[in-house]
Amino acid sequence: MATRNFEEIFVDVSMCAEVEDVDAHLMPCSIDYNGSANVSRFFTPSINCNPSKDPSTDTAQHLSASFRGRLLNGRKIVLPADYAGILLMEDDNRSMDEVNLKPRNKFSEFTYWNLDCTPSSDDKIVQAIQWIEISKAIHSSVNEVNLSQSSVASL
């Protein structure tokens, strides 16, 4: 598949409130195809909830399913408040050096899947979502009340 390089990418977020909520899955694979697919006909996950054996997970359950005969282990992630996931698609109006994207669907939580390992707090996607809260904390303003509370808490 040829790689396209663009000078500019534009995202039209004005329609985000109008798009449909979907059940999103982050799969551990790459699909070398661009175009429409009847995913709901060929991929209907049968998900089992299992007790977690990994103490590093912050949930008592992990999910399991299979995809093309391979065992997948998963976990649901809820996005932080004031955040939404948006699935984008290319707008038909494009030129050679720019791409216009428009929202197709949105989600407030998603299931991510690992191949051959139980989800844990060491997974990159979990750390990326945790970074949102860490970033808020380190970039918020510090006042005397916050400073005195954090000083007492650190002792």
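In case you missed it, the structure is sitting above this.
(A) Just the overall build of the chain, in detail. Across its full length, the chain carries three helices and nine strands. Counting from the amino terminus, the chain carries its helices and strands in the arrangement β-β-β-α-β-β-β-β-β-β-α-α. Evaluated residue by residue, the chain yields a buried proportion of 21% over its 155 residues. Excluding contacts between residues fewer than 6 apart, the proportion of contacts in the chain whose partners are at least 24 apart in sequence is 61%. With the model as given, the accessible surface of the chain reaches about 11700 Å², and the carbon-plus-sulfur share is 52%.

(B) Representation of the nonpolar core within the structure. Of all hydrophobic cores here, the largest spans nine residues; its members are Ala24, Ile77, Leu79, Phe107, Phe110, Tyr112, Val126, Ile129 and Ile132. Mapped onto this core, the elements with two or more residues apiece are β9 (109-115) and α2 (124-139). Ranked by residue count, the leading element in this core is α2, at three residues. When sequence neighbours within four positions are dropped, the list of residues in contact with phenylalanine 110 reads Ala24, Leu26, Arg75, Lys76, Ile77, Leu79 and Ile125.

(C) The pattern of salt bridges, seen in detail. Inspection of every chain in the model, using the stated rule, returns four salt bridges. We note a salt bridge from arginine 70 to aspartate 116, for which the minimum N-O separation is 3.3 Å. Of this pair, arginine 70 sits in strand β6 (residues 70-78) while aspartate 116 sits in the loop between β9 and α2, and the two are 46 residues apart along the sequence. Taken together, the shared-partner salt bridges in this structure form one network comprising Asp23, Lys76 and Glu109.

(D) Structural view of the environment of leucine 88. Inspection of the secondary structure assignment puts leucine 88 in strand β7 (residues 85-90). We classify leucine 88 as partly exposed; its relative accessible area is 39%. Note: C-alpha distance between leucine 88 and leucine 101 (13 residues apart in sequence) is 5.9 Å. Other than its neighbours up to four places away in sequence, leucine 88 contacts Val11, Leu101, Lys102, Pro103 and Arg104.

(E) Looking closely at a nonpolar patch on the surface. A cluster of nonpolar side chains, Ile9, Val11, Val13, Ile86 and Leu88, forms an exposed patch at the surface whose accessible area comes to about 420 Å². Counting residues per element, the ones that place at least two in the nonpolar patch are β1 (8-11) and β7. The exposure class assigned to isoleucine 9 is exposed, which follows from its relative accessible area of 55%.

(F) Focus on unusual backbone geometry. Even without a glycine there, the phi angle at aspartate 82 is positive, about 70°. In this fold, aspartate 82 is placed in the loop between β6 and β7. Here aspartate 82 falls in the exposed class, since its relative accessible area comes to 80%. Not every positive phi belongs to a glycine, and aspartate 116 is a case in point at roughly 70°. A relative accessible area of 56% means that aspartate 116 is categorised as exposed.

What counts and what doesn't
Residues numbered from 1 in each chain as written. Predicted model: local features only at pLDDT ≥ 70, side-chain atom pairs only at ≥ 80, totals over all residues. Heavy atoms only, no water. Helix = DSSP H or I, 4+ residues; strand = E, 2+ residues; numbered from the N terminus. Buried < 20%, exposed > 50% of the residue type's maximum accessible area, 1.4 Å probe, protein only. Contact = heavy atoms within 4.5 Å. Areas by Shrake-Rupley, 256 points an atom, 1.4 Å probe, with all protein chains shown as cover. Core = buried A, V, L, I, M, F, W, Y, C linked by side-chain atoms within 4.5 Å. Salt bridge = Lys/Arg side-chain N within 4 Å of Asp/Glu carboxyl O. Patch = residues over 30% accessible without salt bridge, like charges linked within 9 Å, V, L, I, M, F, W, Y side chains within 5 Å.

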